[in-house]
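# Fold and geometry: a report
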Amino acid sequence: MKVAIVNIGEIVTGNWREPFAGGGAIVVDGERIASVGSASADAVNAADVVIDADGMTAIPGLIDSHVHITFGDYTPRQRTVGYLESYLHGGTTTAISASEVHVPGRPRDVEGVKALAVAAQRCFADWRPGGMKVIAGSVILEPGLQRKDFDELKQKGVRLAKAGFGAVKSSFDYVPLVADAKAAGLTTTCHTGGSSIPGSGAITGDHLLKMHPHVSFHINGGPTAMPDADFERVIAESEIALQVCTAGNLRTTLLCARLAQARGAFDRFIIATDTPTGSGIMPLGMLYTIAHLASLTDMPPEQFICAATGNNAKVYGLDSGYLAPGKAADIVLLDAPDGGTQQTALAAIKHGDIAAIGGVITAGVPRFVGRSRNTPATTRKARVTASRVTQDFSAAAH
Ligand SMILES: [Zn+2]
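What comes next is a walk through the structure.

Reading the values: rules and limits
Within each chain, residue numbers correspond to sequence positions counted from 1 in written order. Side-chain atom pairs in this predicted model are given and counted only at pLDDT of 80 or more, local residue features only at pLDDT of at least 70, and totals for whole chains, interfaces and linings cover all residues. Side-chain measures here rest on the full set of heavy atoms in the structure, leaving out hydrogens and waters. Elements are defined by DSSP. Helices are runs of H or I of four residues or more, strands are runs of E of two residues or more, and each kind is numbered from the N terminus. With C-alpha atoms as the basis for the radius of gyration, the globule rule is written as 2.2 Å multiplied by the number of residues raised to the power 0.38. Classification of residues uses two cut-offs on accessible area relative to the type maximum, computed with a 1.4 Å probe and protein chains only: under 20% is buried, over 50% is exposed, and between them is partly exposed. Atoms of type N, O and S within 2.8 Å of a metal are treated as its donors, and for Na, K and Ca the window is 3.2 Å; water is not considered, so some sites may appear to be missing partners. Strands qualify as paired when DSSP identifies two bridges or more between them. Helix axes are fitted to C-alpha atoms over the stretch in contact, other axes to C-alpha atoms as well, and angles between N-to-C directions run from 0 to 180 degrees. Working definition: roughly parallel below 35 degrees, roughly antiparallel above 145 degrees, roughly perpendicular at 65 to 115 degrees, and oblique for all remaining angles. With the far helix as reference, a near helix turned anticlockwise by less than a right angle produces a left-handed crossing, and one turned clockwise produces a right-handed crossing. We call two residues contacting when some pair of their heavy atoms lies within 4.5 Å. In this description, a nonpolar core means a group of buried Ala, Val, Leu, Ile, Met, Phe, Trp, Tyr and Cys residues linked to one another through side-chain atoms lying within 4.5 Å. Think of it as the arc spanned by the lines of direction from the helix axis to the C-beta atoms. A side-chain nitrogen of Lys or Arg and a carboxyl oxygen of Asp or Glu constitute a salt bridge if their distance falls within 4 Å. To estimate how far a helix should extend, the number of its residues minus one is multiplied by 1.5 Å. Under the pairing criterion, centres of Phe, Tyr and Trp rings, with the six-membered ring standing for Trp, must be within 6.5 Å; the plane angle then separates stacked pairs below 30 degrees from edge-to-face pairs above 60, leaving the rest tilted.

With that settled, the discussion passes to the overall build of the protein. Looking only at helices and strands, one finds 12 helices and 22 strands in the protein. For a compact globule of 398 residues, the expected C-alpha radius of gyration is about 21 Å, and the protein comes in at 21 Å, within 12% of that figure. Overall size of the protein, expressed as C-alpha extent along the three principal axes, is 65 × 45 × 35 Å. Here the protein, with 398 residues, has 56% of them falling under the buried criterion.

Put into structure tokens, the structure is as follows:
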């Protein structure tokens, strides 16, 4: 299927160093972006679906790099179904598992945690709830896991490992486990801050610097923050990605953003939600954190959209996160919310408002065009102005 989006007001690329693309059109061919900027009349005429963005802002689909995936579109912690599909209506087009720790009665032995990671990876490999790309299967690091186990997991398609919920005596016991997981080619992640479940200890700068995982999960606290002085150390003494989460400490989120900017470390500043958790289900969590950061710092809103898209894609090695030819066709249309004081999506975000969503496309398929069921209404009206897609309405969208 070919999709053309025309009459776009602004295009945010996902690359914070070059956050804007010129022109006002995006053409999608199959699951990939074919062109960004301008589109010839021929290209628009050849499209199966034409969407008129009415001057809205196009951004890459948001990538939430901290979602508590289990199985299906279900969160046992909040006993709710359909949350992933709801997050898509908040502009999140990719959810990355923070490990399947919420699976009731989750295994803690070596064979059990391996099987859990493989099963989770498989269950989402070809299934997109509501259109959401879910990267699941993050092996929970438990004592006893060895290099050969990580090699086996990697060979079976698992790409993530998580430190912080294992039955270790000291958090320093994760050091060899993280090293083996990294050596096997897994992307390693680590809980940061105060303990979030009974029995897990605090993880602070000393632990992170010894472990050196790829990503410090909720470096701003999940939900309890580590000492302020440790942010500076982690930024200066490591290459660890700095993930800030909605369900954490807002003051240290701002502290971390300002430090990352001042110390030239913004490439590794990434935004996520850390939900569903005890903090709830937050379909608009990514938009809230982007608005908090943009409105409470002197940095521009597009920079934080890029932290929620391209930066996450780079850290996790994804083919999405950017509006550029060849990238995955995951696109969100944003606008100033109806009834607000601002004229554009970016101005509204800078003002501290939640942007309104007027359309979401994932894998080249328009999942909805018009009204998100979670954000406020848009000021402008995005519409499908041409479609020659035959539909039989017999299968549920996925
Ligand atoms: Zn978490």
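Moving on from the coordinates now.
Binding of the zinc ion to the protein goes through H66 (NE2), H68 (NE2) and D274 (OD), at separations of 2.1 to 2.3 Å. When the donor residues of the zinc ion are listed from N- to C-terminus, their spacing reads H-x1-H-x205-D. Of this pair, H68 sits in the loop between β8 (62-67) and β9 (74-75) while D274 sits in the loop between β18 (269-272) and α9 (285-296); the two residues are 206 residues apart in sequence, bridging distant segments of the chain. Both residues of the pair, H68 and D274, count as buried.

Let us now look at the sheet that holds strand β3 (residues 20-21). Read across the sheet, 6 strands follow the order β3-β2-β7-β19-β20-β21 without closing on themselves; strand pairing throughout is mixed. Lying at the two open borders of the sheet, with one neighbouring strand each, are β3 and β21 (365-369). Strand direction decides the pairing type here: strand β20 (residues 356-362) and β21, joined by 4 bridges, are antiparallel. Across the sheet, the residue bridging to T362 is V365, located in β21.

For the rest of this paragraph, the subject is the packing of helix α7 (residues 228-237) against helix α8 (residues 250-262). Relative orientation of the contacting elements α7 and α8 amounts to 30 degrees, with a least axis distance of 10 Å. Classified by the angle their axes make, α7 and α8 are roughly parallel. Considering how the two elements wind past one another, α7 and α8 form a crossing that is right-handed. Touching D228, F231, E232 and I235 of α7 are R251, T252, L255, C256, L259 and A260, all from α8.

Attention now goes to the nonpolar core. Of all hydrophobic cores here, the largest spans 83 residues; its most connected members are V139, L141, F269, I271, F304 and L334. Look past the residues within four positions of L334 in its chain and what remains in contact with it is M56, T57, I59, L287, I305, A345, I349, A355, A356 and I357. Among the nonpolar cores identified, the runner-up in size contains 18 residues, and I8, I11, A58 and I331 belong to it.

Taken together, the buried positions of α7 are occupied by D230, F231, V234 and I235. Considered in projection along α7, the buried side chains sweep an arc of 135 degrees and stay on one side of the axis. Turned more than 90 degrees away from the buried face of α7 sit A229, A236 and E237, all of them exposed. Lining the buried residues of α7 we find α6 (205-211), β17 (241-245) and α8.

Turning to the side chain of H68, a few remarks are in order. A relative accessible area of 4% places H68 in the buried class. The residues contacting H68, other than those within four sequence positions of it, are Y83, A98, S99, V101, H102, D274, T275, P276 and T277.

Bringing the pattern of salt bridges into the picture now. This structure, assessed with the given rule, holds 16 salt bridges. Between D48 and R388 there is a salt bridge whose closest N-O contact spans 3.8 Å. Placement of the pair is D48 in the loop between α1 (41-45) and β6 (49-52) and R388 in the segment after β22 (383-387), with a sequence separation of 340 residues. R388 gets classed as exposed once you look at its relative accessible area, which sits at 52%. Close ionic contact of D228 with R251 constitutes a salt bridge, the shortest N to O distance being 3.0 Å. Residue D228 is located in helix α7, and its partner R251 is located in helix α8; the two are separated by 23 residues in the primary sequence.

With that out of the way, let us pick up the sheet that holds β22. With respect to topology, 5 strands assemble into an open sheet ordered β5-β4-β1-β6-β22, the strand pairing being mixed. Strands with a single pairing partner mark the edges of an open sheet, and in this sheet they are β5 (32-37) and β22. Neighbouring strand axes in the sheet, compared pairwise and without regard to direction, differ in orientation by 15 degrees on average.

What follows deals with the pairing of strand β1 (residues 2-6). Across 4 bridges, the pairing between β1 and strand β4 (residues 25-29) is antiparallel. Opposite K2, over in β4, you have D29 as the bridge partner. Sheet topology note: the β1/β6 ladder contains 4 bridges and is parallel. Residue pairing in the sheet places I5 in a bridge with I51 of β6.

Next up on the list: the environment of T188. Checked against the element boundaries, T188 lands in strand β15 (residues 187-190). Judged by its relative accessible area of 1%, T188 falls in the buried class. Contact partners of T188, with chain neighbours within four places excluded, come to A161, V178, A181, K182, P213, H214 and V215.

As a further point, take helix α3 (residues 110-125). For α3, which comprises 16 residues, the first-to-last C-alpha distance of 23 Å matches the rise-based estimate of 22 Å (1.5 Å per residue) to within 8%. Among the residues of α3, G112, V113, K114, L116, A117, V118, A120, Q121 and F124 are the ones counted as buried. Residues of α3 that are buried sit in contact with α2 (83-88), β12 (133-135), β13 (138-140) and α4 (147-155).

On to the packing of aromatic side chains. Under the definition given, this model contains 6 aromatic pairs. Among the aromatic side chains, those forming a connected cluster through ring pairs are W16, F266, F269 and F304.

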